[in-house]
Amino acid sequence: MCILITGGAGFIGSHTCVELLNEGFDIVVIDNFSNSSPVALERVKELTNQDFQIYDVNLLDKEKLDHVFKENKIEAVIHFAGLKAVGESVEIPLHYYQNNVTGTLVLCEVMKKHGVKKLVFSSSATVYGTQAKVPLTEDSPLGAINPYGRSKWMVEEILRDLYISDNSWSIALLRYFNPIGAHGSGRIGEDPKDVPNNLMPYITQVAARKREKLRVFGNDYPTPDGTGVRDYIHVVDLAKGHVKALGKILTSTGAEAYNLGTGVGNSVLELVKAFEETTGVTIPYEILGRRPGDIATCYASPAKAKKDLGWEATKDLKDMCKDAWKWQSTNPNGYE
Ligand code: UFG
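Structure report, in brief. (Residues numbered from 1 in each chain as written. Predicted model: local features only at pLDDT ≥ 70, side-chain atom pairs only at ≥ 80, totals over all residues. Heavy atoms only, no water.)

**Some thoughts on the sheet that holds strand β12 (residues 266–267)**
Strand-to-strand pairing in sheets goes through backbone hydrogen bonds, with the strands running parallel or antiparallel.
Here's step 1: An order of β12-β9-β14 is seen for the three strands of this open sheet, with the pairing classed as mixed. One side of each edge strand has no neighbouring strand; the edge strands of this open sheet are β12 and β14 (297–298).
Here's step 2: In the sheet, strand β9 (residues 229–230) pairs with β14 via two bridges, with the strands oriented parallel. The residue of β14 that forms the bridge with V229 is T297. (Pairing = 2+ DSSP bridges. Helix = DSSP H or I, 4+ residues; strand = E, 2+ residues; numbered from the N terminus.)

Put into structure tokens, the structure is as follows:
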């Protein structure tokens, strides 16, 4: 069975390709490599000892996308492709809406044309409103606060409308919490192009002595140690969640959201400590003021994914730190 993966060269996409191939699915990948490297896909092939077709295609290019569907007998799509930097989305919102929202519209039009109505969509915990109570359940109030988050929220609503218009669609909206870590082999991992925005890649670059010290954004939140609390999830657990969601949509119809998190919240300083203990590398840090737009605490209730998909995270914070460090230390310049 052939599954189309959009954005398959990215951090979560590449790990999901590995899990799908290991589970016996055939895949076809499209990516425009705007924020990813073809080397990631070479390594997916190396890790799985399997080959697959790769297309350098922008989702907005409807003709080329149509061609991909004509050349392959695609039965379902896992849609990762999109822009993901919160700060950048505030600077260039039109670019974000064009890529994330219009890109998905084009994809769905082409899917519809070819009678492919099974879709797994990369959403985000950022769609939850800042006032929502933790643990977040799928019916917690929504309300994103930046263009990136709103683009994910809009796409969720569009996909629900699509299902309402035609009940033969089957769509899983996967709300990721904070994916970190890397494949245990150290061959694929997160490869931020510039200064990392996110906590774990920043920590690993400090550990590699590429950056002087970590800046901790705020220690006056109403949390046990004052620093922000998030639900960090190992990227391999997250990738396995996609395989489970795919299994679900292949055998049902609907448009359902699922939280993919561990259900455990950890603070910035807890993550730093876990990293130091696991790797033996010290992480110098300084406390700065809060980062605009950040909330104090965010973690999932993963109960629905466990009940409906038969999925739950199995890796802990130490696994995440160990694997993130193996990736960083063996690939000091990422895929370059
Ligand atoms: N943090 C620091 N220093 C840094 C980076 C982050 O102290 O250099 C702190 C943040 O203030 C926050 C925590 O570490 O408390 C996690 O921050 P990240 O940037 O790693 O992650 P966020 O929770 O802000 O955002 C992530 C993704 C978003 C996604 C969101 C979903 O980056 O794309 O989770 O909740 F939308």
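**Structural notes on the site of the ligand**
Here's step 1: Of all residues adjacent to the ligand, which total 18 residues, the nearest are N198, R215, R230, R291 and D294.
Here's step 2: L199 places a main-chain nitrogen or oxygen 2.8 Å from an oxygen atom of the ligand.
Here's step 3: A distance of 2.9 Å separates an oxygen atom of the ligand from a polar atom in the backbone of F217.
Here's step 4: Its free accessible area being 690 Å², the ligand has 89% of it covered by the protein chains. (Near = heavy atom within 4 Å. Polar contact = N/O pair within 3.5 Å; in protein donor to acceptor, adjacent residues only side chain to side chain. Areas by Shrake-Rupley, 256 points an atom, 1.4 Å probe, with all protein chains shown as cover.)

**Concerning the environment of M154**
Here's step 1: Mapped onto the secondary structure, M154 falls in helix α6 (residues 147–165).
Here's step 2: The class for M154 is partly exposed, based on a relative accessible area of 35%.
Here's step 3: Here the alpha-carbon distance between M154 and A144, two residues 10 residues apart in the chain, equals 9.7 Å.
Here's step 4: Beyond its immediate stretch of four places on either side in the chain, M154 contacts Y97 and V101. (Buried < 20%, exposed > 50% of the residue type's maximum accessible area, 1.4 Å probe, protein only. Contact = heavy atoms within 4.5 Å.)

**A short note on the nonpolar core**
Here's step 1: Within the largest apolar cluster, 41 residues are counted, with the highest numbers of intra-cluster contacts made by I5, L20, I27 and L174.
Here's step 2: For this core, the element with the most residues is helix α8 (residues 235–250), which contributes seven residues.
Here's step 3: With sequence-adjacent residues up to four places away left out, L174 is seen in contact with V120, F121, S122, S123, S124, H242, A245, Y258 and L260.
Here's step 4: Membership of the second largest hydrophobic core comes to 29 residues, among which are V28, Y55, L65 and I171. (Core = buried A, V, L, I, M, F, W, Y, C linked by side-chain atoms within 4.5 Å.)

**What about the pattern of salt bridges?**
If the charged atoms of two oppositely charged side chains come close together, the side chains can form a pair.
Here's step 1: Here the structure, examined in full by the defined rule, presents 19 salt bridges.
Here's step 2: Residues E109 and K62 are paired through a salt bridge, measuring 2.8 Å at the closest nitrogen-oxygen approach. In this pair, E109 is assigned in helix α5 (residues 93–113) and K62 in helix α3 (residues 62–71), connecting sequence segments 47 residues apart.
Here's step 3: Take K62: its relative accessible area is 41%, and that puts it in the partly exposed class.
Here's step 4: Ionic pairing is found between D66 and K70, a salt bridge with its closest N-O pair at 2.9 Å. In this pair, D66 and K70 are both assigned in helix α3, four residues apart and thus about one turn of the helix distant. (Salt bridge = Lys/Arg side-chain N within 4 Å of Asp/Glu carboxyl O.)

**Describing the packing of helix α7 (residues 199–207) against helix α11 (residues 317–330)**
Here's step 1: It is at 10 Å that the axes of α7 and α11 come closest, and there the two elements cross at 55°. Here α11 runs oblique to α7, going by the angle between their axes. In this structure, α7 meets α11 at a crossing whose hand is right-handed. Residues M200, T204, Q205 and A207 of α7 lie in contact with α11, whose contacting residues are M320, C321, A324, W325 and Q328.
Here's step 2: Classifying every residue of the contact of α7 with α11 gives six nonpolar, three polar and no charged. (Axes fitted to C-alpha atoms, helices over the stretch in contact; angles between N-to-C directions. Parallel < 35°, antiparallel > 145°, perpendicular 65-115°, else oblique. Left-handed = near helix turned anticlockwise from the far one by under 90°. Nonpolar A, V, L, I, M, F, W, Y, C, P; charged D, E, K, R; others polar.)

**Here we look at the sheet that holds strand β11 (residues 254–260)**
Here's step 1: Across the sheet, seven strands lie side by side as β3-β2-β1-β4-β5-β6-β11; this open sheet has parallel pairing. Across the chains shown, the open sheet's two edge strands, defined by having one partner strand only, are β3 (53–56) and β11. Averaged over all pairs of adjacent strands, the angle between strand axes in this sheet comes to 20°, irrespective of strand direction.
Here's step 2: Strand direction decides the pairing type here: strand β2 (residues 26–31) and β3, joined by four bridges, are parallel. Following the sheet pairing, D31 is matched in β3 by D56.
Here's step 3: Seen against the sheet, α8 touches β1 (2–6), β4 (74–79), β5 (118–124), β6 (170–176) and β11 and runs at an angle of roughly 160° to β6.

**Details of empty space enclosed by the protein**
Here's step 1: Scanning the model with the defined rule gives one cavity of 30 Å³ or more in all.
Here's step 2: Lining of the largest cavity is provided by A81, G82, N100, T104, F121, S151, K152 and V155.
Here's step 3: Of all elements in the fold, only α5 and α6 reach the threshold of two or more residues within the lining of the largest cavity.
Here's step 4: With three residues, α6 is the largest single contributor of residues to the lining of the largest cavity. (1 Å grid on protein atoms, 1.4 Å probe; cavity = no way out; pocket = protein on both sides within 12 Å on 5 of 7 lines; lining within 4 Å. Points joined across faces, edges and corners; volume = space filled by probe spheres on them.)

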